[in-house]
Amino acid sequence: GARARDRYAVLLPHLAHRTDLDYIIGELIGELSAGHTYVFSGDMPAVERVPVGLLGCRLVAGKKYYRIGTILQGENWHDNLRSPLTEPGLNVREGDFLIEIDGREVTTKDDPYIYLENKAGIPVTLRINDGESRKGSREIVVTPINSELGLFYWEWVERNRRIVDELSGGRVGYMHVPNTAHDGFREFFKAFQPLRNREALIIDERYNGGGHSPFDMIQILGNRIFSYWAARHTELTRSPVLANEGPKVMLINGLSSSGGDMFPFYFKKAGIGPLIGERTWGGLIGYGYSPRFVDGGGLAVPGFAFVNTEGEWDVEAAGVDPDIYVFDDPALIQAGREPMLEKAVEYLLEELEKKPAKKITTPPGPDRS
């Protein structure tokens with residue numbers, strides 16, 4: 001109200017840039033103590049960005065040339081996860097040396113990425129060799145990408161999947177749901193299909209960035225098998241197809257936000273399984289249409305808020321608490337441990353001991369004579 005206006009008005013004569021105004025507006029918004037209330041910047045000068053092509057690998061300095069260290073594997077069927085050096089026919093191996101980019105020698109005297117400026121999405125010719133010399137080298141053509149974030153994310157997911165497989169002897173399935181928008185739904189459906197036959201499931205929604213309602217995913221996680229179908233020369237198929245009746249847990253943390261708050265709330269409400277980890281972000285005041293200012297900036301105006309089935313405000317500014325608290329200790333993670341994954345597998349294996357998974361097989365053929 002007027003008191004907040006007067007408090008911040010004293011700063012107005014000192015504005016030197018549009019970002020200074022954004023700061024003051026942000027401070028005013030902070031007085032609301034409500035989530036999803038943002039200030040959007042308007043027209044302003046910006047530093048010109050130079051898109052740099054990336055190869056989807058770590059480059060390690062050798063004596064004269066850079067060595068190709070870890071190659072991020074990705075999934076080349078999807079543009080956001082395409083890893084240039086893994087494409088068919090290139091036969092690039094970790095440990096190979098990068099000798100030239102587009103005919104220009106690349107030595108450890110220079111930053112190799114200066115030769116990839118403005119090359120994102122544009123085919124470039126690399127000269128590589130299995131030894132640190134030009135003799136015996138060969139040329140390949142690759143198309144660099146503009147970001148490796150997706151590849152590093154996917155490397156993390158695959159590492160988690162391997163850890164769960166090793167800890168559980170292949171009995172527990174693992175998936176990560178990055179948000180409740182398009183990427184999250186795609187990753188959920190892609191992961192759930194092959195995990196239907198696992199005895200138990202870990203649904204990891206740590207760092208879930210939110211988006212839309214996760215209700216469709218909750219319904220599938222809560223599906224029960226109503227019947228099976230026996231076809232010749234195959235195992236039984238279930239109905240519904242998307243169903244797994246094994247024990248399940250969901251991993252959460254303080255960066256599970258918005259739809260990432262709603263996902264564990266619904267998971268618990270549906271009685272699917274316990275939540276493991278740390279309290280979520282706590283932001284379930286949402287916004288829809290927000291009018292723009294004449295300079296292109298704007299505000300996110302709160303439009304709706306979360307009420308539980310007891311008729312109480314919930315989750316906003318409180319978060320969703322875990323049933324089993326586990327701290328993802330960075331020191332342990334740095335040492336190669338994964339506290340939340342370890343606890344999740346331990347819990348699920350104990351549940352399987354109490355109630356082993358039952359295997360339904362095709363019964364003997366009936367005598368209908």
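Below or above, wherever it landed, is the structure these notes cover. The model shown is predicted, which means the values in this text are computed figures rather than measured ones.

Let's shift gears to the overall build of the chain. Of regular secondary structure, the chain possesses eight helices and 17 strands. A globule of 369 residues ought to have a C-alpha radius of gyration of about 21 Å, yet the chain, at 26 Å, is considerably larger. In terms of its C-alpha atoms, the chain occupies a principal-axis envelope of roughly 80 × 75 × 40 Å. Looking at the chain as a whole, 40% of its 369 residues are labelled buried. Taking as baseline every contact in the chain between residues at least 6 positions apart, the subset at least 24 positions apart corresponds to 68%. In the structure as shown, the chain presents an accessible area of about 20900 Å², 54% of it carried by carbon and sulfur atoms.

Right, let's get into the sheet that holds strand β17 (residues 324–325). If you walk across this open sheet you meet the five strands as β8-β9-β12-β13-β17, and the pairing is parallel. The two strands at the open ends of the sheet, each matched to only one other strand, are β8 (172–176) and β17. One ladder, built from three bridges, connects strand β12 (residues 248–252) with strand β13 (residues 275–277); its direction is parallel. Looking at the pairing, Met-250 lines up with Leu-275 of β13. Contacts from helix α3 (residues 149–168) reach β8 and β9 (200–204), with the element oriented near 165° to β8. Its contacts with the sheet put helix α6 (residues 259–269) on β9, β12 and β13, and the angle it makes with β12 is roughly 155°.

In total, this model carries nine aromatic pairs according to the counting rule given. Pairing Phe-188 with Phe-192 gives two aromatic rings, centres 5.6 Å apart and planes at 20°, and the pair type is stacked. Here the residue Phe-188 and the residue Phe-192 both occupy positions in helix α4 (residues 182–195), the gap between them amounting to four residues, near one helical turn. Among the aromatic residues, ring-to-ring pairing joins Phe-215, Phe-265, Tyr-266 and Phe-306 into one connected group.

On to the nonpolar core, then. In this structure, Met-175, Phe-188, Ile-203, Leu-221, Phe-263 and Phe-267 are the most contacted members of the largest nonpolar core, which totals 25 residues. Going through the elements one at a time, α4, β9, α5 (215–221), β12 and α6 are the ones with two or more residues in this core. The next biggest cluster of nonpolar side chains, apart from the first, holds 19 residues, and it includes Ile-202, Ala-344, Val-345 and Leu-348.

What follows concerns the pattern of salt bridges. Summed over the entire model, instances satisfying the criterion amount to 26 salt bridges. As a salt-bridge pair, Lys-190 and Glu-75 come within 2.7 Å of each other at their nearest N and O atoms. With Lys-190 in helix α4 and Glu-75 in the loop between β3 (66–71) and β4 (97–101), this residue pair connects regions lying 115 residues apart in the sequence. On the accessibility criterion, Glu-75 (19% relative accessible area) is buried. Overlapping salt bridges bring together Glu-75, Asp-183, Arg-186, Glu-187 and Lys-190 as one network.

Before going further, it helps to examine α4. For α4, built from 14 residues, the straight-helix expectation of 20 Å at 1.5 Å per residue is met to within 8% by its first-to-last C-alpha distance of 20 Å. Residues Gly-184, Phe-185, Glu-187, Phe-188, Ala-191, Phe-192 and Leu-195 constitute the buried set of α4. The buried residues of α4 occupy one face: seen down the axis, they fall within an arc of 165°. Every exposed residue of α4 that faces more than 90 degrees away from the buried side is listed here: His-182 and Pro-194. At its buried positions, α4 is contacted by α3, β8, β9 and α5.

Rules used throughout
Throughout this description, residue numbers start from 1 for each chain and increase along the sequence as written. Per-residue local features are limited, in this predicted model, to residues with pLDDT of at least 70; the limit for side-chain atom pairs, both in listing and counting, is 80 or more; totals at the level of whole chains, interfaces and linings are taken over all residues. The side-chain figures draw on all heavy atoms in the structure; neither hydrogens nor water molecules are used. Think of it this way: any DSSP run of H or I at least four residues long counts as a helix, any run of E at least two long counts as a strand, and we number them from the N terminus. Note that the radius of gyration is over C-alpha atoms, with the globule rule given as 2.2 Å times the number of residues to the power 0.38. Type-normalised accessible area, obtained with a 1.4 Å probe on protein chains alone, sets the label of each residue: buried when under 20%, exposed when over 50%, and partly exposed for intermediate values. In this description, contact between two residues means that some pair of their heavy atoms is separated by no more than 4.5 Å. Computed with a 1.4 Å probe, the accessible areas rest on the Shrake-Rupley method; for each residue, only the protein chains presented here act as cover. Two strands pair under a simple rule: DSSP has to find at least two bridges between them. Here an axis means a line fitted to C-alpha atoms, over the contact stretch when the element is a helix, while the angle between two N-to-C directions is reported on a 0 to 180 degree scale. What counts as a ring pair is set by centres within 6.5 Å for rings of Phe, Tyr and Trp (its six-membered ring), and what kind of pair is set by the plane angle: stacked under 30 degrees, edge-to-face over 60, tilted for all other angles. We define a nonpolar core as any set of buried Ala, Val, Leu, Ile, Met, Phe, Trp, Tyr and Cys residues linked to one another through side-chain atoms lying within 4.5 Å. Counted as salt bridges are all cases of a side-chain nitrogen of Lys or Arg within 4 Å of a carboxyl oxygen of Asp or Glu. Given the number of residues in a helix, its expected span is that number minus one, multiplied by 1.5 Å. As used here, the arc is the angular range of directions from the helix axis to the C-beta atoms.

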